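# Structural features, examined
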Amino acid sequence: MFATYLIGLREGLEATLVVSILVAFLVKSQRRDRLPQVWAGVGLAVALSVLFGWLIEYTSTSLLARSEDRELFEAVTSVAAVVFVTWMIFWMRRAARTIAGELRGRLSEALAVGSVAVAGMAFLAVIREGLETALIFYSAAQGAAGDSGPLLALIGGIASAVAIGVGLYFSALKINLSTFFTWTGALLILVAAGILKYGVHDFQEAGVLPGLNDLAFDITSVLDPTTWYAALLAGMFNITPAPSVLETAAWVAYALPVLLLFLRRPAALARTAANAAERPAHTEPAASPGPAVHTGTGSSTTSGTGPATASPRA
């Protein structure tokens, strides 16, 4: 359940930050009359995300009669979820420094067009996170049919994200978003590796891939599947005591290179830090090399190394 909580927290916080930036811009610009359109767009995006999640579940449980078809469907959605997770993690690391400015620019254009454009802007800003959350949650919660735990964990993660976002907006909370997204990004990579492993297993059960009974190892005597810690590892990262060779190869082939690439300091940011270190003492230091979320109309509130914080309130 921790994996689904982490998904809800991470995706929820990204969406909450986007909404906070839009609201802060409208308040700062004395355009509170457009706030109902923003909330209408956000509400529509949330509703469609829930509908998308229900449609995935309905397709798997009701529209697909054969077990092989269900396994194949779950395998395809697992691979799609891994692609979305990977893209989302690296996109946030790259775009966090400019996302607020881009959102404010688009919202300014939408304000010039009209209320429908404002609602559409808010809708598009949130719908991506919602659709990703629905797809990733479905893939991460496979095998938990009849268990409400994963859904409650997802709701808990989203609720925590909303609480953090509200606290940031009103400056009640000060957290280092760069550190937060780095740690949660690394954990989500391991979660994605488990989802990919599960997808490979489904492909094998559907008969698309061979080797279902070719085990890479069997440590059932050491990692008893009935114990709480075995269930925790399986639920978080899909680490099982008797995986097939292809499952293990897929987990390792994804987790190791992606994790190393994610944690590696980008060369461009390293050069920025080096240039800042070489400047004279009286020169204004360069921005911190970590990802930053610019919020409000004139402040940058997140850094990669220092105790910087984030506050979307203008």
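Report follows, based on the coordinates. What you see is a predicted model, and the numbers here were worked out from it, not measured in a lab. Per chain, residues are indexed from 1 in the order of the written sequence. With pLDDT at 70 or above as the cut-off, local features in this predicted model cover only qualifying residues; side-chain atom pairs require 80 or more to be listed or tallied, and sums for whole chains, interfaces and linings still use all residues. Only hydrogens and water are set aside when side-chain values are computed; all heavy atoms of the structure are taken into account.

### Regarding the overall build of the chain
By the criteria applied, helices consist of DSSP H or I runs no shorter than four residues and strands consist of E runs no shorter than two, each listed in order from the N terminus. Of regular secondary structure, the chain possesses 10 helices and 2 strands. Ordering the α and β elements of the chain from the N terminus gives α-α-α-α-α-α-α-α-α-α-β-β. Accessibility here uses a 1.4 Å probe with only protein chains present; expressed as a share of the type maximum, an area under 20% marks a residue as buried, one over 50% as exposed, and anything in between as partly exposed. Here the chain holds 314 residues, and the buried ones make up 46% of them. The contact criterion used throughout is that any non-hydrogen atoms of two residues lie within 4.5 Å. Taking the intrachain contacts of the chain between residues at least 6 apart in sequence as the baseline, contacts between residues at least 24 apart amount to 77%. For the accessible areas, the method is Shrake-Rupley and the probe is 1.4 Å, while residue cover comes only from the protein chains on display. A total of about 15,300 Å² of accessible surface is found on the chain, and carbon and sulfur atoms cover 67% of it.

### Looking at the pattern of salt bridges
Criterion for a salt bridge: a side-chain nitrogen of Lys or Arg within 4 Å of a carboxyl oxygen of Asp or Glu. What the rule picks out here adds up to 7 salt bridges. Here R34 makes a salt bridge to D33, at a shortest N to O gap of 4.0 Å. The class of D33 is partly exposed, set by a relative accessible area of 48%. For R128, the salt bridge goes to E132, with nearest N and O atoms at 3.1 Å. Here R128 and its partner E132 are both found in helix 5 (residues 115-140), 4 residues apart, which amounts to about one turn of the helix. In this structure R128 comes out as partly exposed when scored by relative accessible area, which is 23%. Given a relative accessible area of 2%, E132 falls into the buried group. Several salt bridges converge on common partners, so that one network encompasses R31, D33 and R34.

### Some thoughts on helix 6 (residues 149-169)
What sets the pattern is the α-helix's 3.6 residues per turn: residues three or four places apart point alike. Between the first and last C-alpha of helix 6 there are 30 Å, a value that for 21 residues agrees with the 30 Å anticipated at 1.5 Å per step. Those residues of helix 6 lying buried are G149, P150, A153, L154, G157, A161, I164, G165, G167, L168 and Y169. How far a helix is expected to stretch is found by multiplying one less than its residue total by 1.5 Å.

### With respect to the packing of aromatic side chains
Pairing of aromatic rings covers Phe, Tyr and Trp, the last through its six-membered ring, and needs centres within 6.5 Å; plane angles under 30 degrees mean stacked, over 60 mean edge-to-face, and all others mean tilted. For the structure shown, the criterion picks out 3 aromatic pairs. Geometrically, the ring pair formed by W54 and Y58 is stacked, given 5.1 Å between the ring centres and 15 degrees between the ring planes. Of this pair, W54 and Y58 both sit in helix 2 (residues 35-63), separated by 4 residues, roughly a single helical turn. Looking at Y58, the relative accessible area reads 34%, which means it is partly exposed. An angle of 20 degrees between the planes, with centres 5.9 Å apart, marks the rings of W87 and W91 as stacked. Placement of the pair is W87 and W91 together in helix 3 (residues 67-95), with a separation of 4 residues, close to one helical turn. W87 sits in the partly exposed class, given a relative accessible area of 41%. Judged by its relative accessible area of 17%, W91 falls in the buried class. Only when the NZ atom of a Lys or the CZ atom of an Arg is both within 6 Å of the ring centre and within 35 degrees of the ring normal do we say a charge sits over the ring. One Lys or Arg, R128, reaches over the ring of W91 and ends 4.4 Å from the middle of that ring.

### Here's the deal with helix 8 (residues 228-237)
Along helix 8, the residues classified as buried are A230, M236 and F237. Taken around the axis of helix 8, the buried residues stretch over an arc of 140 degrees, which confines them to a single face. Positioned one or two residues after helix 8, N238 has a phi angle of 55 degrees, which is positive. The arc refers to the directions leading from the helix axis to the C-beta atoms.

### A short note on the nonpolar core
Residues enter a nonpolar core if they are buried and are Ala, Val, Leu, Ile, Met, Phe, Trp, Tyr or Cys, with the set joined through side-chain atoms within 4.5 Å. In this structure, I89, L188 and Y254 are the most contacted members of the largest nonpolar core, which totals 33 residues. The leading source of residues in this core is helix 7 (residues 177-205), at 10 residues. Here I89 is in contact with R10, G185, L188, I189 and F262, once residues within four sequence places are set aside. Among the nonpolar cores identified, the runner-up in size contains 26 residues, and I21, V27, L103 and A125 belong to it.

### Side note on a nonpolar patch on the surface
Patch membership is restricted to residues that have no salt bridge and whose relative accessible area is over 30%. Joining uses 9 Å for like charges and 5 Å for the nonpolar side chains Val, Leu, Ile, Met, Phe, Trp and Tyr. A grouping of L44, L48, L51, W54, L55, Y58 and L63 is seen on the molecular surface, where their side chains present a nonpolar patch of about 680 Å² in accessible area. Counting through the fold element by element, L63 comes out in helix 2.

### As for the side chain of T184
By secondary structure assignment, the location of T184 is in helix 7. Apart from the residues lying within four places of it in its own chain, the contact partners of T184 are L6 and R10.

### Section: unusual backbone geometry
In this model, Q30 sits at a positive phi of 60 degrees, which is unusual for a non-glycine residue. As for its position among the elements, Q30 is in the loop between helix 1 (2-28) and helix 2. Despite not being glycine, N238 has its phi angle at roughly 55 degrees, a positive value. Here N238 shows up in the loop between helix 8 and helix 9 (245-263).

### Here we look at the environment of E132
In this structure the C-alpha to C-alpha distance between E132 and F52, which are 80 residues apart in sequence, comes to 9.9 Å. Residues contacting E132, with those up to four places away along its chain left out, are E11, F84, W87 and M88.

### Side note on the environment of L35
Structurally, L35 is set in helix 2. Its relative accessible area of 14% is what places L35 among the buried residues. Along the primary structure L35 and L22 are separated by 13 residues, whereas in three dimensions their C-alpha atoms are 8.9 Å apart. If sequence neighbours within four positions are ignored, L35 has contacts with V23 and L26.

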